[in-house]
Amino acid sequence: MAAITQYATGKRKSAIARAWVTAAAGDIVVNEKPLEKAFPRMTLRNVIQFPFELAGVAGKYSVRATVYGGGPAGQAGALRHAISKALVVMSAAFRSPLKKEGLLTRDSRVKERKKYGQK
């Protein structure tokens, strides 16, 4: 029996992440690189893995993702959003803790534009 794979997209600032979450123990690969090489900062790796820890399934899912646009923090937030959305589609039991923590809502905050006549 093949493992079930779910696709989802996530956005944060100007970063867009596309994630394929598979229900098989594995690793997280971002842009054809392991998570440690794609995101060297530990805080960003924790942001990405937070949905799994919150749902209580850390290490039970593998993720293949492509992320582009924005900076490292925006990309990590976009990937977290995509993973959360995919987990909810895979199992409705994950919806309550992820929704309570605010991971299913797109964070629409972006840098405010510069106004003319101002510094």
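Novice: Please provide a residue-by-residue account of the packing of aromatic side chains, values included.
Specialist: This model, assessed by the stated rule, comprises two aromatic pairs. Between Tyr 7 and Trp 20 the ring centres are 5.1 Å apart and the planes differ by 45°, which places this aromatic pair in the tilted class. Here Trp 20 lies in strand β2 (residues 15-22) and Tyr 7 lies in strand β1 (residues 5-12), a separation of 13 residues in the sequence. When the ring of Phe 52 is compared with that of Tyr 61, the centres are 6.2 Å apart and the planes differ by 20°; the resulting orientation is stacked. The pair Phe 52 / Tyr 61 is uniform in exposure class, with both members buried.

Novice: Quick one: what's the story with the pairing of strand β5 (residues 62-68), residue by residue and with numbers?
Specialist: Where β2 lies against β5, seven bridges are found, and the strand directions are antiparallel. Within the sheet, the bridge partner assigned to Thr 22 lies in β5 and is Ser 62. Here strand β3 (residues 28-30) pairs with β5 via three bridges, running parallel. Within β5, the position partnered with Ile 28 by the bridge is Val 63.

Novice: I'd like a description of the pattern of salt bridges, backed by residues and values.
Specialist: As enumerated under the stated definition, the model contains three salt bridges in all. When the shortest N-O distance is used, the salt bridge between Arg 12 and Asp 107 registers 3.5 Å. With Arg 12 in strand β1 and Asp 107 in the segment after α4 (95-101), this residue pair connects regions lying 95 residues apart in the sequence. Using a relative accessible area of 15% as the deciding quantity, one classes Arg 12 as buried. A salt bridge links Arg 109 to Asp 107, with the nearest nitrogen and oxygen atoms 2.7 Å apart. Note on Arg 109: relative accessible area 57%, which makes it exposed. Using a relative accessible area of 24% as the deciding quantity, one classes Asp 107 as partly exposed. Put simply, Arg 12, Asp 107 and Arg 109 are held in one network by salt bridges that share partners.

Novice: Just give me the short version of the pairing of β2, but keep the residues and values in it.
Specialist: As a general feature of sheets, a regular strand has side chains that alternate between the two faces. Pairing of β1 with β2 involves eight bridges; the strand directions are antiparallel. By the bridge assignment for β2, Thr 9 is matched with Arg 18. Between the end of β1 and the start of β2, which pair antiparallel, lie two residues, with Lys 13 showing a positive phi angle near 55°.

Novice: Please provide a residue-by-residue account of the sheet that holds β1, values included.
Specialist: Spatial strand order, β1-β2-β5-β3-β4: five strands in an open sheet with mixed pairing. This sheet does not close on itself; its edge strands, each paired only once, are β1 and β4 (33-34). Lying over the sheet, helix α3 (residues 72-90) contacts β1, β2, β3 and β5, oriented at roughly 145° with respect to β1.

Novice: If you had to explain the nonpolar core to someone new, which residues and values would you point to?
Specialist: One finds Phe 39, Ile 48, Phe 52, Val 63, Leu 79 and Leu 87 to be the most contacted residues of the largest nonpolar core, which totals 30 residues. Those elements that place two or more of their residues in this core are β2, β3, α2 (42-55), β5 and α3. For this core, the element with the highest residue contribution is α3, accounting for eight residues. Other than its neighbours up to four places away in sequence, Leu 87 contacts Val 21, Pro 51, Phe 52, Tyr 61, Phe 94 and Leu 98.

Definitions and cut-offs
Residues numbered from 1 in each chain as written. Predicted model: local features only at pLDDT ≥ 70, side-chain atom pairs only at ≥ 80, totals over all residues. Heavy atoms only, no water. Phe/Tyr/Trp six-rings, centres within 6.5 Å; stacked < 30°, edge-to-face > 60°. Helix = DSSP H or I, 4+ residues; strand = E, 2+ residues; numbered from the N terminus. Buried < 20%, exposed > 50% of the residue type's maximum accessible area, 1.4 Å probe, protein only. Pairing = 2+ DSSP bridges. Salt bridge = Lys/Arg side-chain N within 4 Å of Asp/Glu carboxyl O. Contact = heavy atoms within 4.5 Å. Axes fitted to C-alpha atoms, helices over the stretch in contact; angles between N-to-C directions. Core = buried A, V, L, I, M, F, W, Y, C linked by side-chain atoms within 4.5 Å.

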